[in-house]
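Spelled out from the first residue to the last, the chains are:
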Amino acid sequence: MAKKTTSRAYLARYFKRCITGPISLLQGLSVTLRYFFNPRKIVTEQYPENRKTLKMHSRFRGSLELIEDENGENVCTACGICERACPNASINILATKNIAGKRVLGRYLYRLGTCTLCSLCVESCPFGAIRMNQKFELSSTDPKDFDLILNQKEGR
Ligand code: SF4
Ligand code: SF4
């Protein structure tokens, strides 16, 4: 009796799969056909062929960069808040003084190699002077390439 029940259950499963299998196949094929007739909806990026036109999504975090005002001057005031906010010391603010004796940014040192792209520095800056950029090809075999000076002008 038990053997009869087992074989019935097996047959039920078999026939169920005979029906659900082709349905699943048709569902997959419908997706393929939909993209075939609407190629604009395809989200797959043809990288690296599309390197020049590729745009990352708005929330992507590439690396840290300084923001400049309309005169091309860094907005950064060298207050050092971002340096203190960074959890792994990836930022060093080297301040200097300008001719008027005012504290200004000397060098903004940024270590991309240790940066976790957490963006805490960006969020902590009270002047909106830094942001995460959209650069995505940042790999290098030379560790020196990850030690960056975000501003090149000194003692302004
Ligand atoms: S980036 Fe912002 S928080 Fe950091 S030193 Fe400059 S002004 Fe201060
Ligand atoms: S993104 Fe995070 S880890 Fe990188 S420099 Fe800013 S605070 Fe530091």
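Residue numbers restart at each chain and count upward from 1, following the sequence in its written direction. Each chain is given a letter, starting from A, and each ligand a number, starting from 1, according to the order in which they appear as written. Totals for whole chains, interfaces and linings use all residues, but because this is a predicted model, local features are given only for residues with pLDDT of at least 70 and pairs of side-chain atoms are given and counted only at 80 or more.

Draft legend 1. Examining the overall build of the protein more closely. Going along the chain from the N terminus, every DSSP run of H or I of four or more residues is numbered as a helix, and every run of E of two or more is numbered as a strand. When helices and strands are tallied, the protein shows 3 helices and 5 strands. The order of helices and strands in the protein, counted from the N terminus, is α-β-α-β-β-α-β-β. For the radius of gyration, the atom set is restricted to C-alpha positions; the globular benchmark scales as 2.2 Å times the number of residues to the power 0.38. In terms of C-alpha radius of gyration, the protein reaches 28 Å, well past the compact-globule figure of 15 Å for 156 residues. The principal-axis extents of the C-alpha atoms in the protein amount to approximately 100 × 40 × 35 Å.

Draft legend 2. Representation of the site of ligand 1 in the model. Near ligand 1 you find Cys-76, Thr-77, Ala-78, Cys-79, Gly-80, Ile-81, Cys-82, Ile-93, Cys-125, Phe-127, Ala-129 and Ile-130, and these make up its full shell. Charged means Asp, Glu, Lys or Arg here, nonpolar means Ala, Val, Leu, Ile, Met, Phe, Trp, Tyr, Cys or Pro, and polar covers whatever is left, Gly included. Along the lines of polarity and charge, the residues of the shell around ligand 1 split into 10 nonpolar, 2 polar and no charged. For each residue, a C-beta atom is placed from the backbone, and the residue is labelled near a molecule or strand when this atom is within 6 Å of it.

Draft legend 3. Spatial organisation of the site of ligand 2. In the region of ligand 2, 13 residues are neighbours, and Cys-86, Ser-90, Cys-115, Cys-118 and Cys-121 sit closest. Of the residues in the shell around ligand 2, the class split is 9 nonpolar, 4 polar and no charged.

Draft legend 4. The sheet that holds strand S5 (residues 147-149), seen in detail. With antiparallel pairing, the 3 strands of this open sheet are ordered in space as S2-S3-S5. Both outer strands of the open sheet, strand S2 (91-97) and S5, are each paired with one neighbouring strand and no more. For this sheet the average axis-to-axis angle between neighbouring strands, irrespective of direction, equals 20 degrees. Two strands qualify as a pair provided DSSP detects at least 2 bridges between them. Pairing of S2 with strand S3 (residues 103-111), which is carried by 7 bridges, proceeds in the antiparallel orientation. Note on S3: the bridge partner recorded for Leu-94 is Arg-107. Every axis in this analysis is a line fitted to C-alpha atoms, fitted for helices over the stretch in contact. Angles between the N-to-C directions lie between 0 and 180 degrees.

Draft legend 5. Layout of the domain arrangement of the protein. The assigned domain composition of the protein is domain 1 (2-41) and domain 2 (64-149). Segmentation of the chain into domains, including their bounds, is taken from an automatic or database domain assignment. Computed from C-alpha atoms alone, the centre-to-centre distance between domain 1 and domain 2 is 55 Å.

Draft legend 6. Structural context of the nonpolar core. Counting 13 residues, the largest nonpolar core has Leu-64, Cys-76, Cys-82, Ile-91, Cys-121 and Ile-130 as its most contacted members. Among the elements that make up this core, the one with the highest residue count is S3 (3 residues). Each residue is represented by a C-beta atom placed from its backbone, and any two residues with such atoms within 7 Å are regarded as in contact. Apart from the residues lying within four places of it in its own chain, the contact partners of Ile-130 are Leu-64, Glu-65, Leu-66, Ile-67, Cys-82, Cys-121, Val-122 and Cys-125. Residues of type Ala, Val, Leu, Ile, Met, Phe, Trp, Tyr and Cys that are buried and joined through C-beta atoms within 7 Å form what is called a nonpolar core. The burial criterion counts other C-beta atoms lying within 10 Å of a residue's C-beta, which is placed from the backbone; the residue is buried at 20 or more, exposed at 12 or fewer, and partly exposed between these limits.

Draft legend 7. Representation of the environment of Leu-109 in the model. Position of Leu-109 among the secondary structure elements: in strand S3. For Leu-109 and Glu-70, which are 39 residues apart along the polypeptide, the C-alpha to C-alpha distance reads 23 Å. Sequence-distant contacts of Leu-109, defined by excluding residues within four places in its chain, comprise Ile-91, Asn-92, Leu-94 and Ile-149.

Draft legend 8. Structural view of the environment of Asn-92. Its place among the elements puts Asn-92 in strand S2. C-alpha separation for the pair Asn-92 and Thr-44, spaced 48 residues apart in sequence, amounts to 39 Å.

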